[in-house]
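Working through the structure, step by step
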Amino acid sequence: NAIQAGQTLIIPSGGSLGDLGVINAPAEALVAAPQPAVTTGRSIMVDLSDSRIYAYEDGRLVRNALASMGRAATPTVQGSFTVQRKYEAQTMTGPGYYLPGVPWILYFYSGYAIHGTYWHNNFGQPMSHGCVNLPPEEAKWFYDFAALGTPVTVQY
């Protein structure tokens, strides 16, 4: 994870994460997060403008991670969706790729998914065919967090 030009970093002055309204969140959660689209229950927001994915519970940020989204030729779909299917692992194939054992998959629209990625470590850069790529440990966290039906918002 890295800070990029244009991002806001909040450094607390001696308080705890709980004082900021962020519970059980890693230190990198102290970035300027977008407002959640849903304020009750659990929800996920994918922000294409900062290449991050955010998890909210009852409108409070609980985690975020740097991700890789779709390339210009294969962009990540934008809109409001829900988690439709979950798989611990699956083989993903398409034009020019064959990826066995892709871990921690959350499909949110047609073939678009949030999932773990073992074939690159270039998070923060467009790398995918439209999916939201995460380091495997982050993908597992989001997989465990989101039940079927969890709202997923993808915006720029």
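Up top is the structure.
My aim in this report is to walk through the structure given alongside it, one point at a time. (Residues numbered from 1 in each chain as written. Predicted model: local features only at pLDDT ≥ 70, side-chain atom pairs only at ≥ 80, totals over all residues. Heavy atoms only, no water.)

1. Regarding the pattern of salt bridges
A pair can form between side chains of opposite charge whenever their charged atoms are brought close. Scanning all chains against the criterion turns up 3 salt bridges. Residue Arg42 pairs with Glu57 through a salt bridge whose shortest N-O separation is 3.4 Å. Of this pair, Arg42 sits in strand β1 (residues 42–47) while Glu57 sits in strand β2 (residues 52–57), and the two are 15 residues apart along the sequence. Glu57 gets classed as partly exposed once you look at its relative accessible area, which sits at 25%. The shortest N-O distance in the salt bridge between Asp144 and Lys140 comes to 2.6 Å. (Salt bridge = Lys/Arg side-chain N within 4 Å of Asp/Glu carboxyl O. Helix = DSSP H or I, 4+ residues; strand = E, 2+ residues; numbered from the N terminus. Buried < 20%, exposed > 50% of the residue type's maximum accessible area, 1.4 Å probe, protein only.)

2. Here's the deal with the side chain of Arg63
Assignment of secondary structure puts Arg63 in strand β3 (residues 60–66). Looking at Arg63, the relative accessible area reads 16%, which means it is buried. A polar atom in the side chain of Arg63 sits 2.9 Å from the side chain of Glu138. (Polar contact = N/O pair within 3.5 Å; in protein donor to acceptor, adjacent residues only side chain to side chain.)

3. Describing the side chain of Ser68
With respect to the element layout, Ser68 can be found in the loop between β3 and β4 (79–82). According to the relative accessible area criterion, Ser68 is buried, its value standing at 0%. There is a polar contact of 3.1 Å between the side chain of Ser68 and the backbone oxygen of Asn122. Not counting the four nearest positions on each side in its chain, Ser68 is found in contact with His120, Asn122, Phe123, Gly124, Gln125, Met127, Ser128, Cys131, Val132 and Asn133. (Contact = heavy atoms within 4.5 Å.)

4. Remarks on the layout of surface pockets
Each pocket or cavity is described by its volume, and for the largest pocket that value is around 300 Å³. Every residue lining the largest pocket is counted, 17 residues in all, and those nearest its centre are Tyr97, Leu99, His115, His129 and Cys131. Elements with a minimum of two residues in the lining of the largest pocket: β5 (85–94), β6 (97–109) and β7 (112–116). Per element, the largest residue contribution to the lining of the largest pocket is 3 residues, and it comes from β6. Considered class by class, the residues forming the lining of the largest pocket number 8 nonpolar, 8 polar and 1 charged. (1 Å grid on protein atoms, 1.4 Å probe; cavity = no way out; pocket = protein on both sides within 12 Å on 5 of 7 lines; lining within 4 Å. Points joined across faces, edges and corners; volume = space filled by probe spheres on them. Nonpolar A, V, L, I, M, F, W, Y, C, P; charged D, E, K, R; others polar.)

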